[in-house]
Amino acid sequence: MKIAVAGTGYVGLVTGVCLASKGHEVTCVDVDENKVKIMKNGDSPIYEPGLSELMKEHKNNLVFTTDYEEAYREAEVIFIGVGTPEKQDGSANLSYVFEVAKQIAQTVQRDCVVVIKSTVPIGTNDKIESYIRDKQKNKDVCIYVASNPEFLSQGTAVKDTLCASRIVIGVEEVFPGEVLKKVYEKFDVPKLIVKRRSAEMIKYASNDFLALKISYINEIANLCEIVGANIEEVTEGMGYDARIGHRFLNAGIGYGGSCFPKDTKALNWLANFNDNEIRTIRAAIEVNENQKFKLIKKTKKYYDDFLFLNVAVLGCTFKPGTDDLREAVSLVNVPLLLEDGANVRIWDPVGMENFKKKYPNKIQYCNSIEEAITDADICLILTEWEEIKNFDLRKYEKLMKKPIVLDGRNCYQLEEVKKTNITYDSIGRYTVNPQ
Ligand code: UGA
């Protein structure tokens, strides 16, 4: 099928490339000429395992352009995967989605289905459909709008798309549902056809449930530290109950990224806007905001102030497997350390270039974990990269001025740390070699 995709961020680009891999003719549109140039050369502008390879393999089915007219005019299906960033009040900014809708209305020359992949507040699909039909230049063609939320995670986006847990299709008529079934014909995964508003809600309710699960387990972890229980033993015991499950029960210093923080705030905003309250989600947001400061608070147990303190920061991305810094805990913790006069050294396998754009000076960017921890008074682990998990613990002892490691992501087994002299303070577990 002839498909156009608006926006080449995580959602748009991964969707476009995966659809091309199933034999569709896909044209990806972006306003950013630089990005389009990179993609035309067969490279991915984002770091996402497997994506560049798939782009190269299916280059004959993929076109990248800034020319939206060319892309939309004859497309049978147009996916919208542009960003819906958070506004000051917590609501979603829909200006990019409406901009694309306007372009579609002005250019489309055949019946087509516009598919909203971006995460949008409940009722947006209805509004987009009315908007397009109102602004439509060629009144002879019929344009339908369908909701098709994505459930991909950064770092596993290609796998999450090709082997999705489910494909949710929200439609008000039979025709767009049939078209989307055809688009996804070669995806051997459960497909669910629901009303558009339900599809929009499935997306928010799923993300916010996961955020709630993380905040819940983080609170249990905080309590474990107080009462002397071990969060890992606790979650292992909980997870065997199939109704709970083992996944998304990793305690840490809070969730980040471009989705959970934004989507929890958006649902909270939506509830308030409708004179309603969603107290569970409000609590999840509050817990997460506090959790981000957990390592800073722990640092104060070891040092009264941070002036001239050598602090090694390991990991700065919001999770491993991505160079994305959006809502990363590092962006809250590092400025606090700098403000209080600490000397900060950072190591991250892929995130430092992006961090440098925000903090070009003041921070020492290191090429190895060893370089970052040498002569450090304390080490803060913010992201659970494999390189950190596999790092030889004895090197902390050997290279740091004082081997105090505060682990915000529980990278090490307590039994292993016990074999060393490191003071190791993690989340929801007892401190090894306390001072
Ligand atoms: C999330 C969802 O997992 C996807 O299903 C969804 O499609 C996506 O948002 C989206 O809406 O686009 P993502 O933001 O890429 O995906 O990352 P996650 O793997 O969900 O992690 C989010 C944050 O939660 C990270 O900061 C991670 O460290 C944290 N987390 C995750 C925990 O603290 N504990 C856990 O057990 C799991």
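The structure contained in this document is the topic of the report that follows.

**Remarks on the overall build of the chain**
The helix and strand inventory of the chain stands at 19 helices and 14 strands. Over its C-alpha trace the chain gives a radius of gyration of 24 Å, about what one expects of a compact globule, namely 22 Å for 435 residues. Each principal axis of the C-alpha atoms in the chain carries an extent, and together these give about 75 × 45 × 40 Å. Counting every position in the chain, which comprises 435 residues, the buried fraction comes to 55%. Relative to all contacts within the chain whose residues are 6 or more apart in sequence, the contacts with residues 24 or more apart total 70%.

**With respect to the pairing of strand 9 (residues 310-314)**
Counting buried positions along strand 9 yields five of five residues, so the element is predominantly enclosed. As judged from the five bridges shared by strand 9 and strand 10 (residues 343-347), these two strands associate in the parallel manner. By the bridge assignment for strand 10, Val311 is matched with Val344. You can see the chain leave strand 9, run along helix 14 (residues 330-339) and come back into strand 10, and the turn it takes is right-handed. One ladder, built from four bridges, connects strand 9 with strand 12 (residues 378-381); its direction is parallel. Among the inter-strand pairings, Leu314 is bridged to a residue of strand 12, identified as Ile381.

**Topic: helix 8 (residues 174-183)**
Residues Pro176, Gly177, Val179, Leu180 and Val183 constitute the buried set of helix 8. Each buried residue of helix 8 sits inside an arc of 160 degrees when the element is viewed along its axis, so together they form one side.

**Description of the packing of aromatic side chains**
Scanning all chains against the criterion turns up 11 aromatic pairs. Ring geometry for Trp269 and Phe273: centres 4.7 Å apart, planes at 15 degrees, overall stacked. Of this pair, Trp269 and Phe273 both sit in helix 11 (residues 260-273), four residues apart, roughly one helical turn. Residue class for Phe273 comes out exposed when judged on its relative accessible area of 56%. Consider the rings of Phe391 and Tyr396, whose centres lie 5.2 Å apart with planes at 75 degrees: the pair is edge-to-face. Put simply, the rings of Phe391, Tyr396, Tyr412 and Tyr424 pair up and form one aromatic cluster. The ring of Phe187 carries Lys22 above its face, with NZ or CZ at 5.0 Å from the centroid. The ring of Tyr144 carries the charged tip of Arg133 above its face, separated from the ring centre by 5.9 Å.

**Focus: the site of the ligand**
Every one of the 18 residues lining the ligand counts as a neighbour, but Glu150, Leu152, Gln154, Lys203 and Asn207 are closest to it. The backbone of Gln154 places a nitrogen or oxygen atom 2.7 Å from an oxygen atom of the ligand. A distance of 2.6 Å separates an oxygen atom of the ligand from a polar side-chain atom of Lys203. Starting from 710 Å² of accessible surface for the ligand in isolation, the protein chains cover 91%. Here the shell around the ligand gets three residues from one element, more than from any other, and that element is helix 9 (residues 196-227). The residue inventory of the shell around the ligand, partitioned by class, reads nine nonpolar, five polar and four charged.

**Structural notes on the pairing of strand 4 (residues 77-80)**
Burial along strand 4 is two-sided: the residues Val77 and Phe79 and Ile78 and Ile80 are all buried. Relative to strand 4, strand 1 (residues 2-6) runs parallel, the two sharing four bridges. Along strand 4, the bridge assignment pairs Ala6 with Ile80. Strand direction decides the pairing type here: strand 4 and strand 5 (residues 112-116), joined by four bridges, are parallel. Bridging across to strand 5, Val77 finds its partner in Val113. With helix 5 (residues 95-107) bridging strand 4 and the parallel strand 5, this β-α-β connection has right-handed handedness.

**As for the sheet that holds strand 14 (residues 423-425)**
Ordered by their spatial adjacency, six strands build an open sheet running 11-10-9-12-13-14, and the pairing between neighbours is parallel. Strands at the two margins of the open sheet, each flanked by one partner only, are strand 11 (363-365) and strand 14. Taking each pair of neighbouring strands and ignoring which way they run, the sheet shows an average axis angle of 20 degrees. Pairing of strand 12 with strand 13 (residues 404-407), which is carried by three bridges, proceeds in the parallel orientation. Among the inter-strand pairings, Ile381 is bridged to a residue of strand 13, identified as Asp407. Along the sheet face, helix 13 (residues 294-302) touches strand 12, strand 13 and strand 14 and points at about 160 degrees away from the line of strand 13. Contacting strand 9, strand 10, strand 11 and strand 12, helix 14 runs over the sheet at an angle of about 155 degrees to strand 10.

**Considering the nonpolar core**
If you look at the biggest cluster of nonpolar residues, it comprises 39 residues, and the most contacted ones within it are Ile3, Phe79 and Val183. The dominant element in this core, judged by the number of residues it contributes, is helix 1 (residues 10-21), at seven residues. Among all residues touching Phe79, those that are not within four sequence positions of it are Ile3, Ala4, Val5, Ala6, Thr15, Leu19, Val115, Lys117, Asn148, Leu180, Val183 and Tyr184. One finds Ile217, Ala221, Ala251 and Ile427 within the second-largest nonpolar core, a separate group that totals 35 residues.

Definitions and cut-offs
- Residues numbered from 1 in each chain as written.
- Predicted model: local features only at pLDDT ≥ 70, side-chain atom pairs only at ≥ 80, totals over all residues.
- Heavy atoms only, no water.
- Helix = DSSP H or I, 4+ residues; strand = E, 2+ residues; numbered from the N terminus.
- Rg over C-alpha atoms; globule rule 2.2 N^0.38 Å.
- Buried < 20%, exposed > 50% of the residue type's maximum accessible area, 1.4 Å probe, protein only.
- Contact = heavy atoms within 4.5 Å.
- Pairing = 2+ DSSP bridges.
- Right-handed = clockwise from strand over helix to strand, strands pointing away.
- Arc of directions from axis to C-beta.
- Phe/Tyr/Trp six-rings, centres within 6.5 Å; stacked < 30°, edge-to-face > 60°.
- Lys NZ or Arg CZ within 6 Å of the ring centre and 35° of its normal.
- Near = heavy atom within 4 Å.
- Polar contact = N/O pair within 3.5 Å; in protein donor to acceptor, adjacent residues only side chain to side chain.
- Areas by Shrake-Rupley, 256 points an atom, 1.4 Å probe, with all protein chains shown as cover.
- Nonpolar A, V, L, I, M, F, W, Y, C, P; charged D, E, K, R; others polar.
- Axes fitted to C-alpha atoms, helices over the stretch in contact; angles between N-to-C directions.
- Core = buried A, V, L, I, M, F, W, Y, C linked by side-chain atoms within 4.5 Å.

That's the geometry; what it means functionally is another story.
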